[in-house]
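# Architecture at a glance
Listed below are the residues making up each chain.
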Amino acid sequence: MLITRRAEFSASHACRQPARTDEENAALYGAEANPRGHGHNFVLDVTLEGEPDPLSGMVYDLKKLKEILQREVVDVFDHRFLNLEVPPFDRVVPTPENMAADIWRRLEPVLLGAGARLHAVRLAETEDLWVEYRGGAR
Amino acid sequence: MIRLARRYRFSASHRLHSPALPEAANAELYGKCNNPCGHGHNYVLEVGLRGPLDEATGRVADVAALDRLVETKVLEKLRYRDLNREARQIAGEVPTTENLAAGIVRELSSWWPEFFPGPGPSLERVRICETPRNVIEEVVSR
């Protein structure tokens, strides 16, 4: 069974590679390359996979998951300029793809052995564009 | 492997009517969607793709290329059209949401290599909401 918890954070980023020129970055990332950055209200859906515990009837304690998402993701990303304030995005381009993979790496060790397994991290930059990472090659 | 999905919108009209069936059977089968004058919807189209993360760019696909593909090969042919008379190549003879989804998959698949040459992302799924309560999804590859 899959259960999903949603968290939201607002942050700014600039999608650009420091080694490339402004023109190259604009061609590659469009308006997202503006060096001064721009922001989104990101919507994060985190999905766990597991069987409901026979006693509690729950796959995972959603209160606990809420606290983990707050501590590991929202407190780190919310109201920050990712390129300047949130490693590894001082070195890694903060595309939604890289952000989703980074959030997976933050959550997986915390959730390991909890009875439920991290299944998917879905990050929506706007309501019309989102990415999903399920770990490794899945 | 990273998945990416993009949402688009278009408005179009259609009438569900199968020439293979008599009038009464059409009315019974399709109900108010069989109205001879047609009717329209604000369709929502979601296109999902997946592929490996490009380490240099940090992206799975060029979203601008996806937008160009969907706009020029699909949306321009459907937007503000009468699907029965003006978009049969995509929507099929009976423009149900199922046929529309299958036609959009065909269209995107045939143009995909031109817009995403090389070992880039592959088309994973097409999802159409005819209304917020009426949703069809075709999974292209698992």
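Refer to the preceding data block for the structure.
Analysis parameters
In this numbering scheme, every chain counts its residues from 1 along its sequence in written order. Think of it this way: whatever chain is written first is A, whatever ligand is written first is 1, and the rest follow in order. Local features in this predicted model are restricted to residues of pLDDT 70 or higher, and side-chain atom pairs are both shown and tallied only at a pLDDT of 80 or more, whereas totals for entire chains, interfaces and linings draw on every residue. We count a stretch as a helix when DSSP gives it H or I for four or more residues in a row; a strand needs E for two or more, and each element gets its number in order from the N terminus. Residue burial here comes from a neighbour count, namely the number of other C-beta atoms, placed from the backbone, that lie within 10 Å of the residue's own C-beta, with 20 or more meaning buried, 12 or fewer meaning exposed, and in between meaning partly exposed. Contact criterion: two residues are in contact if their C-beta atoms, reconstructed from the backbone, are within 7 Å. When residue character is reported, Ala, Val, Leu, Ile, Met, Phe, Trp, Tyr, Cys and Pro are called nonpolar, Asp, Glu, Lys and Arg charged, and the others, Gly included, polar. The pairing criterion for strands is at least two bridges between them, as found by DSSP.

### Some thoughts on the environment of arginine 106 of chain B
Residue and element names in this part refer to chain B. Mapped onto the fold, arginine 106 is located in helix H5 (residues 97-115). Exposure remark for arginine 106: the 14 C-beta atoms within 10 Å place this residue in the partly exposed category. The sequence separation of arginine 106 and arginine 81 amounts to 25 residues, and the corresponding C-alpha distance is 19 Å.

### Topic: unusual backbone geometry
One can expect most non-glycine residues to show negative phi and most peptide bonds to be in trans. Across the junction of proline 87 of chain A and proline 88 of chain A, the peptide omega takes the value 10°, indicating a cis bond. Its place among the elements puts proline 88 of chain A in the loop between helix H3 (82-85) and helix H4 (96-111). Positive phi values are uncommon outside glycine, yet histidine 79 of chain A reaches one of about 60°. Of the residues examined, histidine 79 of chain A has 11 C-beta atoms within 10 Å and is grouped as exposed. With phi around 60°, tyrosine 80 of chain B is a residue other than glycine that occupies positive phi space.

### Brief notes about the interface of chain A and chain B
Taken residue by residue, the interface counts 18 residues in chain A and 14 residues in chain B. Among the elements of the structure, H4 and strand S4 (129-133) of chain A are those that each provide at least two residues to the side of chain A that touches chain B. Element by element, the count of residues in the side of chain A that touches chain B is highest for S4 of chain A, at five residues. Classifying every residue of the side of chain A that touches chain B gives 10 nonpolar, three polar and five charged. Bridge count for S4 of chain A against strand S1 (residues 2-14) of chain B is five bridges, and the pairing is antiparallel. Opposite valine 131 of chain A, over in S1 of chain B, you have leucine 4 of chain B as the bridge partner.

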